[in-house]
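Examining the three-dimensional arrangement
One-letter residues, chain by chain:
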Amino acid sequence: MPHGPDERAARLAHLRGQRLKKGDPVALPLTMSTMFHLPGDPAGFKQYGRFSNPTWDALEEMLSHLEDAPALGFPSGMAASSAVFYALLKTGDRILLPSDGYYTTRVLSDRFLTRMGIGFDTRPTATFLDGGFDGYRMVFVETPANPSLDICDIAAVARAAHEAGAIVVADNTTMTPYGQRPLDLGADIVVAADTKAPNGHSDVLFGHVASRDTEIMAAVADWRKLAGGIPGPFEAWLVHRGLETLHVRFERMCDTAETIAPRLAAHEAVKSVRYPGLPGDPSHNLARAQMQRFGFLVGLTLASKETAERFIGECELIQPATSFGGVHTSAERRARWGDAVDDGFVRLSVGCEPTEALWAAIEQALDRATT
Ligand SMILES: *Cc1c(COP(=O)(O)O)cnc(C)c1O
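Note that this is a predicted model, so its numbers are computed, not measured. Within each chain, residues carry numbers counting from 1 in the order of the written sequence. A pLDDT threshold of at least 70 governs which residues receive local features in this predicted model, and a stricter bar of 80 or more applies before side-chain atom pairs are shown or counted, although totals over entire chains, interfaces and linings include all residues. Hydrogens and waters are ignored; side-chain quantities use all the structure's heavy atoms.

Turning our eyes to something else, we now look at the domain arrangement of the chain. Size of an interface: often given as the accessible area lost when the parts come together. Along its sequence, the chain is carved into domain 1 (5-243) and domain 2 (247-369). Here the C-alpha centroids of domain 1 and domain 2 sit 27 Å apart. Each partner contributes to the interface: domain 1 provides 32 residues, whereas domain 2 provides 30 residues. What counts as buried area is the accessible surface, traced by a 1.4 Å probe, that two parts surrender upon association, with contributions from both included. With both sides pooled, the region where domain 1 packs onto domain 2 buries about 2,400 Å², and carbon together with sulfur makes up 61% of that total. Looking only at domain 1, the three residues that lose the most surface to domain 2 are Pro 147, Leu 149 and Ile 151, adding up to 25% of its buried area. Domain delimitation follows an automatic or database domain assignment. It only takes one pair of heavy atoms within 4.5 Å for two residues to be counted as in contact.

Listed below in structure tokens is the structure:
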């Protein structure tokens, strides 16, 4: 029976506890070992640290519980995406990527996949269905796209892409399994950067791949074992700890984003706000239909580059930094990386600070940035 998010979160806290024997440690032990005691026939046992590790197993059990699907850990979000590409694509294949999604996925395709004879095209997330999917082996969606926060209809993309014979991959980093469930909507594979909200403490890079298709997971597992892009046990241990509080952090972050987005939109210093939770946002209706929450990322456009930099730099409760999903609120001007957004566009990653204290600091910084 599928669990609702609350039940899924509640059970997550007890996955490990259910199997403990008397005297076992309640907290997950960190296993740093390349070797395992292995006399005689090695079949069915842990063999070598590149193949498996007990700390990975514990984390992957949690990820799998959250995704309702087998999951594999990777040393970063990009390692997860590239494992999917290298394990499943071959010369002559063509893939479709979002033109407004995470930039590195396009650069990787351009620099390395094309050399292997794998072509790619890009399309804006907001009109991702236009043009159909004929000729593609793989269709890769990222919704809400980072940083534009446009969204696309995952179920409709999956239907049309499957009819055209393509595999559908969803980068679910911005929403986490609590905020959106691409596999339930028809995607074949989820990839995510657990570097962001799932780990949550801005101290570890990590990623995962999840799929209910056994052949896909076997190919991705084989790729990881053979290519050697494996996670460190300590990183896995930290993400395991982070996931224990993901639900409470994510709820707070989304609640606060929902509270402050309309206030930002009403502030005279703000030219425009993108947030799927705002009733006037172009993403709103679809977001209500396919997302569990509206997320914790808010895009706001201020008058100019200078105003935006002043706002980010002067707000006492905003950490100026790239990346997102930490316990602390952070922000940056995305145009500094060449994203196709307004010079005054700020991506705000709402953290876990108490809502009204955070808003007071943001409002004060907005007032100051404009005077
Ligand atoms: C950060 C991010 C990634 C890459 O994750 P890393 O852990 O930095 O490799 C991929 N997709 C999205 C949407 C991201 O935000």
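A word on the pairing of strand β12 (residues 345-349). On a regular strand, each side chain points to the face opposite its neighbour's, so the side chains alternate between the two faces of the sheet. Of all the five residues making up β12, five are buried; the element is thus mostly covered by neighbouring parts of the structure. As paired strands, strand β9 (residues 297-302) and β12 are joined by five bridges and run antiparallel to one another. Within β12, the position partnered with Gly 299 by the bridge is Arg 347. Alignment of strand β11 (residues 330-333) against β12, held across four bridges, turns out to be antiparallel. Bridged to Glu 332 within β12 is Arg 347. Burial classes: relative accessible area under 20% of the type maximum marks a residue as buried, over 50% as exposed, and values in between as partly exposed (1.4 Å probe, protein chains only). The helix and strand labels rest on DSSP assignments: H or I over at least four residues marks a helix, E over at least two residues marks a strand, and numbering proceeds from the N terminus. A pair of strands is considered paired only if DSSP assigns at least 2 bridges between the two.

Bringing the site of the ligand into the picture now. Only heavy atoms are used to decide nearness, and a residue is near a molecule or strand if one of them lies within 4 Å of it. Contacts to the ligand come from 13 residues, most closely from Gly 77, Met 78, Asp 171, Thr 195 and Lys 196. Polar contacts, as used here, are pairs of N or O atoms within 3.5 Å; protein pairs need one atom able to donate a hydrogen and one able to accept it. Residues neighboring in sequence count only if both atoms are side-chain atoms. At 2.8 Å from an oxygen atom of the ligand is found a main-chain nitrogen or oxygen belonging to Gly 77. Within the side chain of Lys 196, an N or O atom sits 2.6 Å from an oxygen atom of the ligand. Partitioned by chemical class, the residues of the shell around the ligand number five nonpolar, five polar and three charged. Polar here means any residue outside two lists: the nonpolar Ala, Val, Leu, Ile, Met, Phe, Trp, Tyr, Cys and Pro, and the charged Asp, Glu, Lys and Arg; Gly therefore counts as polar.

Attention now goes to the sheet that holds strand β3 (residues 119-123). Reading across from one edge, β1-β7-β6-β5-β4-β2-β3 is the order of the seven strands in this open sheet, with mixed pairing throughout. The strands lining the two open edges of the sheet, one partner per strand, are β1 (71-74) and β3. Strand-to-strand twist across the sheet, computed as the mean angle between neighbouring axes with direction ignored, equals 20°. With five bridges connecting them, strand β6 (residues 189-193) and strand β7 (residues 207-211) associate as antiparallel partners. Orientation is described by axes fitted as lines to C-alpha atoms, over the contacting stretch for helices, and by angles from 0 to 180 degrees between their N-to-C directions.

Here we have five strands laid out as an open sheet, ordered β8-β9-β12-β11-β10, and mixed in their pairing. Looking at strand neighbours, the two that pair on one side only are β8 (270-274) and β10 (319-320), the edges of this open sheet. As paired elements, β8 and β9 share four bridges and run antiparallel to each other. Counterpart to Ser 272 in the pairing with β9 is Thr 301.

Looking at the secondary structure, you find Ile 230 in the loop between α7 (214-227) and α8 (233-244). Relative accessible area serves as the criterion here: at 25%, Ile 230 is assigned to the partly exposed category. Spatially, the C-alpha atom of Ile 230 lies 5.8 Å from that of Pro 75, the residues being 155 residues apart in sequence. Aside from chain neighbours lying at most four places away, what touches Ile 230 is Gly 49, Arg 50, Trp 56, Pro 75 and Arg 224.

Time to look at the nonpolar core. Only buried residues count toward a nonpolar core, which is a set of Ala, Val, Leu, Ile, Met, Phe, Trp, Tyr and Cys residues joined through side-chain atoms within 4.5 Å. Residues Leu 264, Leu 300, Phe 311, Leu 348 and Ile 362 are the most contacted members of the largest nonpolar core, which totals 62 residues. With eight residues, the top contributor of residues to this core is helix α9 (residues 246-266). Not counting chain neighbours up to four residues away, the residues in contact with Phe 311 comprise Leu 300, Leu 302, Ile 318, Ile 362, Ala 365, Leu 366 and Ala 369. Formed by 25 residues, the second largest nonpolar core is a distinct cluster that contains Ala 83, Leu 88, Ile 118 and Phe 120.

Moving on: unusual backbone geometry. Residue Pro 144 is reached from Thr 143 by a cis peptide bond, and omega for that bond is -5°. Mapped onto the elements, Pro 144 comes out in the loop between β4 (138-142) and α5 (154-163). Cis geometry is adopted by the peptide bond preceding Pro 147, which originates at Asn 146 and carries an omega value of 10°. Among the secondary structure elements, Pro 147 is positioned in the loop between β4 and α5.

Only protein atoms enter the 1 Å grid, on which a cavity is a set of points fitting a 1.4 Å probe that cannot get out and a pocket is an open set with protein on both sides within 12 Å along at least 5 of 7 lines, lining residues being those with an atom within 4 Å of a point. Grid points are joined across faces, edges and corners, and a volume is the space filled by probe spheres set on the points. Its boundaries defined by the atoms lining it, the largest pocket holds a volume of some 300 Å³. Lining the largest pocket are 18 residues; nearest its centre among them are Asp 100, Pro 147, Ser 148, Ala 340 and Val 341. Of all the elements in the fold, those that place two or more residues in the lining of the largest pocket are α4 (103-113) and β8. For the lining of the largest pocket, the residue count by class is six nonpolar, seven polar and five charged.

On to the packing of aromatic side chains. Only Phe, Tyr and Trp rings are paired, with Trp represented by its six-membered ring, and only when their centres lie within 6.5 Å; those with planes under 30 degrees apart are stacked, over 60 edge-to-face, the remainder tilted. This structure, assessed with the given rule, holds eight aromatic pairs. Ring centres 6.1 Å apart and planes at 40° place the aromatic pair Phe 128 and Phe 133 in the tilted group. Take Phe 128 and Phe 133: they sit in the same class, and that class is buried. Where Phe 250 meets Phe 296, the ring centres are 6.1 Å apart and the plane angle is 90°; that geometry is what we call edge-to-face. In this pair, Phe 250 is assigned in helix α9 and Phe 296 in the loop between α10 (284-290) and β9, connecting sequence segments 46 residues apart.

With that out of the way, let us pick up a nonpolar patch on the surface. Like charges are joined within 9 Å and nonpolar side chains (Val, Leu, Ile, Met, Phe, Trp, Tyr) within 5 Å, but only among residues with over 30% relative accessible area and no salt bridge; these make up the patches. Calculation of accessible area relied on Shrake-Rupley with a 1.4 Å probe; when residues are assessed, cover is drawn exclusively from the protein chains displayed. Salt bridge, as used here: a side-chain nitrogen of Lys or Arg that lies within 4 Å of a carboxyl oxygen of Asp or Glu. Nonpolar side chains collect at one region of the surface, where Leu 30, Met 32 and Phe 234 lie side by side and expose about 290 Å² of accessible area between them. Relative to the elements of secondary structure, Phe 234 occurs in helix α8.

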